[in-house]
Amino acid sequence: MGKRKQRDLGLDRAIDRRDFLNGVAIGAAALSSGLAHAAPAPAGAPQDQPGYYPPLLHGLRGSHPGSFEMAHSLRDGTFWDHAEKPEDDAAVYDLVIAGGGISGLSAAHFFRAAKPNARILILENHDDFGGHAKRNEYQLNGRVELMNGGTMLIDSPHPYSKVAQGLIEELGIDPVALAKKCNRREIYKGLAPATFFDKETFGADRLVVGRERVDEEGGTIPWPEFLAKAPLDAKTRADILRVQEGTGDSMPGLTSAQKKDKLSRMSYLVYLRDYLKCGPKALAFYQTITHDEWGTAIDAEPALDCWGFGLPGFKGLKLERGSIARMGYTAAGYEDEGSPTFHFPDGNATIARLLVRNLIPEAIPGHTAEDIVTARADYSKLDRSGAPIRIRLSSTVVGARNMGAVKSPKGVEIAYARGGRVYRAHAANCILACWNMMIPYLCPELPETQKNALHQLVKVPLVYTGVAIRNWRAFHRLGVAGISAPGSYWSGTRLNWPVDVGKYTSVRSPDDPILLFMVHVPLTPGMPERDQHRMGRMQLLGTPFSTYETKIRDQLNRMLAGGGFDSARDILAITVNRWPHGYAYEFNPLFDDFSIPPEKRANVVGRQRFGRIAIANSDSGAAAYTDSAIDQAHRAVNELLAA
Ligand SMILES: Cc1cc2nc3c(=O)[nH]c(=O)nc-3n(C[C@H](O)[C@H](O)[C@H](O)COP(=O)(O)OP(=O)(O)OC[C@H]3O[C@@H](n4cnc5c(N)ncnc54)[C@H](O)[C@@H]3O)c2cc1C
């Protein structure tokens, strides 16, 4: 890109884009020189230093530089070539947990409930706790503005189990009451959904206001009027109209159950192409409609899931809820009643923070699920010597081994890397609440069948980005609150969800700064789902921040040009939450064998207790939701208690 274009996009502007607490420099140094030669950790860990407050960091977050290099060198078999002799951790624990996400924190909660005097150590490889449930915080014109860096909201296709519901109640969360009291949708009254057609896919850059493919906010103009404004030919318009409003039965003569059975075996792409007769441009319009929900595109998502989730194109089939497709497959769970939904301003990071406050009350002030939203965590309280529960950040577990025979172990030895050194902790029990696909590298002694099963739990990569902008007049001028962009890098962009909780209030005036939320899912359509995720993960890790930034600036300029938006002038800060290991893998009838009974599926085979080591994380529930993270923690704790 020429210097002039760079200037036009504002790439030379001084904005808040750098992650300098535990960022590129540290990660790169550790990588290039190997562990043995890495600089020794400064006296006192970073999390104990005054001012340590990762939610305020911008730039490349999510799996930030410095968080994954040790794990990758373990995977590549090079870690121990460079590692120094492990130093012994002075304390001995009742439980060591790998992973400080909602599952790891819940495991600590359940274990302590059973053993109130338990000494528990949680080791987390990122510089912040919460796992995917991460808080992004911005100071904009003296106001605090929050966004979720990952896990967005309380929401599940299934009702929360008694255990998960019980935990969120214990934390003081009542999603139904909170939604009634706190949602402020009226702030965006008069703003409509919109679709951005890009010239590379549709021949012309054009923002068409009034509709997007899934009109969550409600379309404001009829589909024919919307389509007439789009840069689409007559055949494509007719195709899209048929999908959105058609009532003809494309599977005549079949019962509802037979139709559902068929739909569970074909992708949404095949359904749109072969049954609703969509041409290539209409398919391009729908290509990314499944990104947000499943981290897949329409080629890899069963049509039945899309029906269950409420995507368009199924009116004429008259499918009945509850009539089961083959082998009990129920549209990715969406035929269940579902859970109540509520979005805290920092997403489910509030759940993680409530858990931390519950475990270590002095780390976060306050008493309620509302006051916690604006409470500032004191990270120096997380890992205090002698405290019963400790959370140690920037610590990558690199080994977990039963001491003695697996049938009657004397305890577990856990090795972890931190600040260029390797440490060894000893505990009576260990829970691996980390990403399950990594466990074979941590526990090479596991049976081969279990390791093979764990390798199958390939996580779904995706990127959630927050962009702070000077004001949202451009959105007001255009009359839009959210834009879906079927052919563009960022497939969705919207104004931060308006919600007032406790002392936190969402921005009211379009003249004030606000956050934009943008989503990108890296996919290679046409390949098997797991391979797409493996490729996507490499793609995300190989993309420098400057590329994400360029794509943000370019796309915002193109989408919002009609409202007078200027990326060079209007962008204040960018946070790219890159999750190469994102959603837990959910079995997919297009790629997985559903004749395998649930108890023999990879997540169940993979999560078997091994001596005093138990396995949690939403991966072990094969469901990418917070309730699964909690349920699996509960199961893992009970397995250890019963053993
Ligand atoms: C972008 C995104 C959006 C999502 N949105 C929603 C949503 O709206 N609602 C919902 O219910 N769910 C959502 N999810 C799913 C989310 O994964 C779960 O809800 C839940 O937060 C998972 O918690 P967990 O503890 O099982 O896993 P994680 O949050 O992944 O926590 C596991 C932790 O273990 C750490 N770890 C891994 N290896 C090691 C190691 N060797 N040593 C130490 N630590 C290690 C990881 O870095 C991570 O911090 C979303 C996920 C993503 C990625």
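Quick caveat, the model's predicted, so the values are computed rather than measured.

Chemist: Residues and numbers for the state of the cysteines, please.
Modeler: Summed over the entire model, instances satisfying the criterion amount to zero disulfides. Distance from the sulfur of Cys278, which forms no disulfide, to the nearest cysteine sulfur (Cys306) is 13 Å. A relative accessible area of 5% places Cys278 in the buried class. Cys443 takes part in no disulfide bond, and the closest cysteine sulfur, belonging to Cys430, lies 7.1 Å away. Relative accessible area serves as the criterion here: at 1%, Cys443 is assigned to the buried category.

Chemist: Any details on the site of the ligand? Residues and values, ideally.
Modeler: Close contacts around the ligand come from 34 residues, with Glu124, Asn125, His132, Trp435 and Ser618 the closest. Contact between the ligand and Thr151: an oxygen atom at 3.0 Å from a side-chain N or O atom of the residue. Taking Thr626, its main chain carries an N or O atom lying 2.8 Å from an oxygen atom of the ligand. Taking 970 Å² as the accessible area of the ligand by itself, protein coverage stands at 98%. For the shell around the ligand, the secondary-structure elements that each account for two or more residues are α5 (102-114), β9 (396-403), β12 (460-469), β16 (571-583) and α24 (626-642).

Chemist: Explain the nonpolar core residue by residue, including any values.
Modeler: A general tendency of soluble globular proteins is for nonpolar side chains to be buried together. Ranked by size, the top nonpolar core spans 60 residues in total, and within it Ile97, Ile120, Ile173, Phe344, Leu382, Ile391 and Ile431 carry the most contacts. In this structure, Ile173 is in contact with Ile154, Ile168, Leu178, Phe344, Ile351, Leu354 and Ala369, ignoring residues within four places of it in sequence. If you look at the next biggest cluster of nonpolar residues, it comprises 41 residues, including Ala98, Cys434, Met438 and Leu446.

Chemist: Describe the packing of α5 against α24, with residues and values.
Modeler: It is the contact of α5 with α24, at a shortest axis distance of 8 Å, that shows an interaxial angle of 40 degrees. Taken together, the axes of α5 and α24 lie oblique to each other. You can see that α5 and α24 cross each other, and the crossing is right-handed. Here Ile102, Ser103, Ser106, Ala107, Phe110, Phe111 and Ala114 of α5 come into contact with α24, specifically with Thr626, Ala629, Ile630, Ala633, His634, Val637 and Leu641. Here the residues of the contact of α5 with α24 sort into ten nonpolar, four polar and no charged.

Chemist: Let's hear about the domain arrangement of the protein: which residues, and what values?
Modeler: By domain assignment, the protein separates into domain 1 (50-133 + 345-455 + 587-642) and domain 2 (232-333). If you average the C-alpha positions of domain 1 and of domain 2, the two centres end up 38 Å apart. With eight residues of domain 1 in contact, the opposing surface of domain 2 contributes twelve residues. Interface of domain 1 and domain 2: buried area, both sides summed, is about 690 Å²; carbon and sulfur atoms make up 65% of it.

Chemist: Run through the pattern of salt bridges, naming residues and quoting values.
Modeler: According to the stated counting rule, one finds 36 salt bridges in the structure shown. The shortest N-O distance in the salt bridge between Glu549 and Arg553 comes to 2.9 Å. Of this pair, Glu549 and Arg553 both sit in helix α21 (residues 545-560), four residues apart, which is roughly one turn of that helix. When its relative accessible area of 3% is taken as the criterion, Glu549 is described as buried. Linking Arg558 and Asp554 is a salt bridge whose minimum nitrogen-to-oxygen distance equals 3.4 Å.

Chemist: Quick one: what's the story with the sheet that holds strand β15 (residues 514-520), residue by residue and with numbers?
Modeler: To summarise the sheet geometry, strands pair through backbone hydrogen bonds and adopt either a parallel or an antiparallel arrangement. Read across the open sheet, the eight strands follow the order β1-β16-β12-β15-β14-β13-β6-β7; overall the sheet is mixed. A strand with exactly one partner marks an edge of an open sheet, and here the two such strands are β1 (59-62) and β7 (206-209). Shown here is a sheet whose adjacent strand axes are inclined to one another by a mean of 20 degrees, direction ignored. Docked against the sheet, α21 engages β1, β6 (192-197), β7, β12, β13 (480-484), β14 (492-495), β15 and β16, running at close to 115 degrees with respect to β16.

Chemist: Explain the pairing of strand β11 (residues 421-432) to me, using residue names and the numbers behind them.
Modeler: Most of β11 sits inside the fold, with nine of its twelve residues counted as buried. In the sheet, strand β2 (residues 87-98) pairs with β11 via eight bridges, with the strands oriented parallel. Residue pairing across strands places Leu95 opposite Asn429, the latter belonging to β11. Both strand β10 (residues 411-418) and β11 contribute to a ladder of seven bridges, which runs antiparallel. Opposite Ala417, over in β11, you have Val422 as the bridge partner. Linkage of β10 to β11, two consecutive antiparallel strands, is achieved through a turn of two residues, within which Gly419 is found at a positive phi near 55 degrees. Across three bridges, the pairing between β11 and strand β17 (residues 613-615) is parallel. Its bridge partner lying in β17, Ile431 is registered against Ala614.

Chemist: Describe helix α20 (residues 529-541), and please don't skip the residues or the numbers.
Modeler: An ideal rise of 1.5 Å per residue puts 18 Å on 13 residues; α20 measures up with 19 Å between its terminal C-alpha atoms. Of all the residues in α20, the buried ones are Glu529, Arg530, Gln532, His533, Gly536, Arg537 and Leu540. Burial along α20 is one-sided: seen end-on, the buried residues are contained in an arc of 150 degrees. Tucked into the core, α20 has its buried residues touching β12, β15, α21 and β16.

Reading the values: the criteria
Residues numbered from 1 in each chain as written. Predicted model: local features only at pLDDT ≥ 70, side-chain atom pairs only at ≥ 80, totals over all residues. Heavy atoms only, no water. Disulfide = S-S within 2.5 Å. Buried < 20%, exposed > 50% of the residue type's maximum accessible area, 1.4 Å probe, protein only. Near = heavy atom within 4 Å. Polar contact = N/O pair within 3.5 Å; in protein donor to acceptor, adjacent residues only side chain to side chain. Areas by Shrake-Rupley, 256 points an atom, 1.4 Å probe, with all protein chains shown as cover. Helix = DSSP H or I, 4+ residues; strand = E, 2+ residues; numbered from the N terminus. Core = buried A, V, L, I, M, F, W, Y, C linked by side-chain atoms within 4.5 Å. Contact = heavy atoms within 4.5 Å. Axes fitted to C-alpha atoms, helices over the stretch in contact; angles between N-to-C directions. Parallel < 35°, antiparallel > 145°, perpendicular 65-115°, else oblique. Left-handed = near helix turned anticlockwise from the far one by under 90°. Nonpolar A, V, L, I, M, F, W, Y, C, P; charged D, E, K, R; others polar. Domains from an automatic or database assignment. Buried area = accessible area lost by both parts, 1.4 Å probe. Salt bridge = Lys/Arg side-chain N within 4 Å of Asp/Glu carboxyl O. Pairing = 2+ DSSP bridges. Expected span 1.5 Å × (residues − 1). Arc of directions from axis to C-beta.

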